[in-house]
Amino acid sequence: MPELPEVEHVVRALSPVVVGRRIVAAELNLKRIAPGVSRPGFDRQLRNSLITEVGRRGKYILFKLESGQVLSTHLRMTGKFVALTVDQTLPPYAHVIFYLDDERRLVFCDMRQFGRMRLFTKPPKELLALAPEPLSDEFTEDYFIDTLSRSRRPLKHLLLDQTRVLGLGNIYAVEALFLAGVNPTKAANKLSKPRARKLYQAIRDTLQEAIDAGSTLRIDLADGNGSYFAAPERFWRVYERAGEPCVKCGTKIRRVVQGGRSTYYCPKCQNR
Ligand SMILES: [Zn+2]
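This report concerns the structure included in the present document. (Residues numbered from 1 in each chain as written. Predicted model: local features only at pLDDT ≥ 70, side-chain atom pairs only at ≥ 80, totals over all residues. Heavy atoms only, no water.)

## A few points about the coordination of the zinc ion
Any two of four tetrahedral donors ideally make an angle of 109.5 degrees at the metal, while pairs among six octahedral donors ideally make 90 or 180 degrees. Only C246 (SG), C249 (SG), C266 (SG) and C269 (SG) from the protein reach the zinc ion as donors, at distances of 2.2 to 2.4 Å. For the zinc ion, the 4 donor atoms are set out with angles of 103 to 114° between them, so the coordination reads as tetrahedral. What makes C249 partly exposed here is its relative accessible area of 31%. On the accessibility criterion, C266 (0% relative accessible area) is buried. (Donors = N, O, S within 2.8 Å, 3.2 Å for Na, K, Ca; no water. Tetrahedral: all angles 85-135°; square planar, octahedral: opposite > 155°, others 65-115°. Buried < 20%, exposed > 50% of the residue type's maximum accessible area, 1.4 Å probe, protein only.)

## Overview of the sheet that holds strand 6 (residues 94-100)
With antiparallel pairing, 4 strands are arranged side by side in an open sheet as 1-6-7-5. At either margin of the open sheet sits one strand with a lone partner, and together these are strand 1 (23-28) and strand 5 (79-84). If you compare each strand with its neighbour and ignore which way they point, the axes differ by 15° on average. Note: strand 1 against strand 6, 5 bridges, orientation antiparallel. (Pairing = 2+ DSSP bridges. Helix = DSSP H or I, 4+ residues; strand = E, 2+ residues; numbered from the N terminus. Axes fitted to C-alpha atoms, helices over the stretch in contact; angles between N-to-C directions.)

## Examining the layout of surface pockets
Computed from the structure, the second largest pocket encloses a volume of approximately 210 Å³. Those elements that provide at least two residues to the lining of the second largest pocket are strand 4 (70-74) and strand 8 (116-120). Ranked by residues supplied to the lining of the second largest pocket, first place goes to strand 8 with 4 residues. Its residues assigned to classes, the lining of the second largest pocket comprises 6 nonpolar, 5 polar and 4 charged. (1 Å grid on protein atoms, 1.4 Å probe; cavity = no way out; pocket = protein on both sides within 12 Å on 5 of 7 lines; lining within 4 Å. Points joined across faces, edges and corners; volume = space filled by probe spheres on them. Nonpolar A, V, L, I, M, F, W, Y, C, P; charged D, E, K, R; others polar.)

## So, the side chain of E175
Topologically, E175 is positioned in helix 6 (residues 170-180). Within the local environment of E175, its side chain forms a polar contact with the backbone nitrogen of V238, the two atoms lying 2.9 Å apart. Other than its neighbours up to four places away in sequence, E175 contacts T206, W236, R237, V238 and Y239. (Polar contact = N/O pair within 3.5 Å; in protein donor to acceptor, adjacent residues only side chain to side chain. Contact = heavy atoms within 4.5 Å.)

## Some details on helix 4 (residues 141-149)
For helix 4, the complete set of buried residues consists of F144, I145, T147 and L148. Buried residues of helix 4 fall within an arc of 160° about the axis and therefore sit on the same side. Contacts from the buried residues of helix 4 go to helix 5 (155-160) and helix 7 (193-212). (Arc of directions from axis to C-beta.)

## Here we look at the pattern of salt bridges
Here the structure, examined in full by the defined rule, presents 17 salt bridges. Between K64 and E53 there is a salt bridge; the shortest N-O distance is 3.7 Å. Of this pair, K64 sits in strand 3 (residues 60-65) while E53 sits in strand 2 (residues 51-57), and the two are 11 residues apart along the sequence. Owing to a relative accessible area of 40%, E53 belongs among the partly exposed residues under this scheme. The residue E209 makes a salt bridge to R237 at a minimum N-O spacing of 3.1 Å. With E209 in helix 7 and R237 in the loop between helix 7 and strand 9 (254-258), this pair connects stretches of sequence that are 28 residues apart. Judged by its relative accessible area of 43%, E209 falls in the partly exposed class. Three or more residues are tied together by salt bridges with common partners; here these are E8, R12, R56, R57 and E133. (Salt bridge = Lys/Arg side-chain N within 4 Å of Asp/Glu carboxyl O.)

## Side note on the nonpolar core
What tends to happen in soluble globular proteins is that the nonpolar side chains get buried as a cluster. F144, L148, L155, L159, L168, L199 and I203 are the most contacted members of the largest nonpolar core, which has 35 residues in total. Of all the elements in the fold, those that place two or more residues in this core are helix 4, helix 5, helix 6 and helix 7. At 8 residues, the largest contribution of residues to this core is made by helix 6. Setting aside anything within four residues of it in sequence, one finds L155 in contact with L148, L177, V182, N183, P184, K186, A188, L191 and L199. Ranked by size, the runner-up nonpolar core spans 33 residues in total, among them L65, F98, L100 and L221. (Core = buried A, V, L, I, M, F, W, Y, C linked by side-chain atoms within 4.5 Å.)

## Some details on the environment of Q270
Inspection of the secondary structure puts Q270 in the segment after strand 10 (261-265). Under the relative-accessibility criterion, Q270 is labelled buried at 0%. Taking the C-alpha atoms as reference points, Q270 and A180, 90 residues apart in sequence, are found 7.8 Å from one another. With residues near it in sequence (within four places) discarded, Q270 still touches L177, F178, G181, V182, N183, P184, Y264 and Y265.

## Let's talk about helix 1 (residues 4-18)
Taking 1.5 Å of rise per residue, the 15 residues of helix 1 would be expected to cover 21 Å, and the 20 Å separating its terminal C-alpha atoms lies within 8% of that figure. Counted residue by residue, helix 1 has 12 buried out of 15 residues, so it is predominantly covered. Along helix 1, the positions that sit buried rather than exposed are L4, P5, E6, V7, E8, H9, V10, V11, A13, L14, V17 and V18. The first or second residue beyond helix 1 is G20, which carries a positive phi of 90°. (Expected span 1.5 Å × (residues − 1).)

Dropping the structure here:
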């Protein structure tokens, strides 16, 4: 599943393809991708729309239209966009096709069919409920420390709650806790302020590092197979390293299950 840094790179790849383009027709081939709108309604609402901007809120990709409407897309497990010229054949699982005014087609493919699209003018509650963007000025150290102090949940759980701290999936939460030297099972409100500051910085560093490394994703919307997210080898400090020596101290990395998700940590380095 793409995490926030990967979605950021999808947005960056989409921008030159769609911004300033007009949607000539919108074909919804699998209704469940856009619940709440009929297939003709989908086309009617999007037809002749000029895309003025493409951005992101959390993992929701937002296409802003000249009409004031927004088309949001959540990729979920396997959703992806590809941009095709007229003579390229459609890839498998092409569930939504946007015909653009430069004769290209922006195609949304999704093998698992969990991806979702939605058209709105006022942001729906799942967007409004999201915590501040983790790399924005609104995600302050004070906000983070205050959020921790209000929760007795284990830190790992709190870090995954997108309404409290946005942007960390399982991998990045585990990595940030390791960087900060914090035990993932510790109650959030029991973390000392200096350690909370370290964790705050570790969250920003982990996400920024992942975004900076994103050039290795090689997202190429023109690749009909849309192989992005697939290949590149990533180096995780503790994630999926159970039994291996800690990169800092050599102690064996442990794995525990929290809320059904695997957590990896160094018992020696993460003792706070
Ligand atoms: Zn260690």
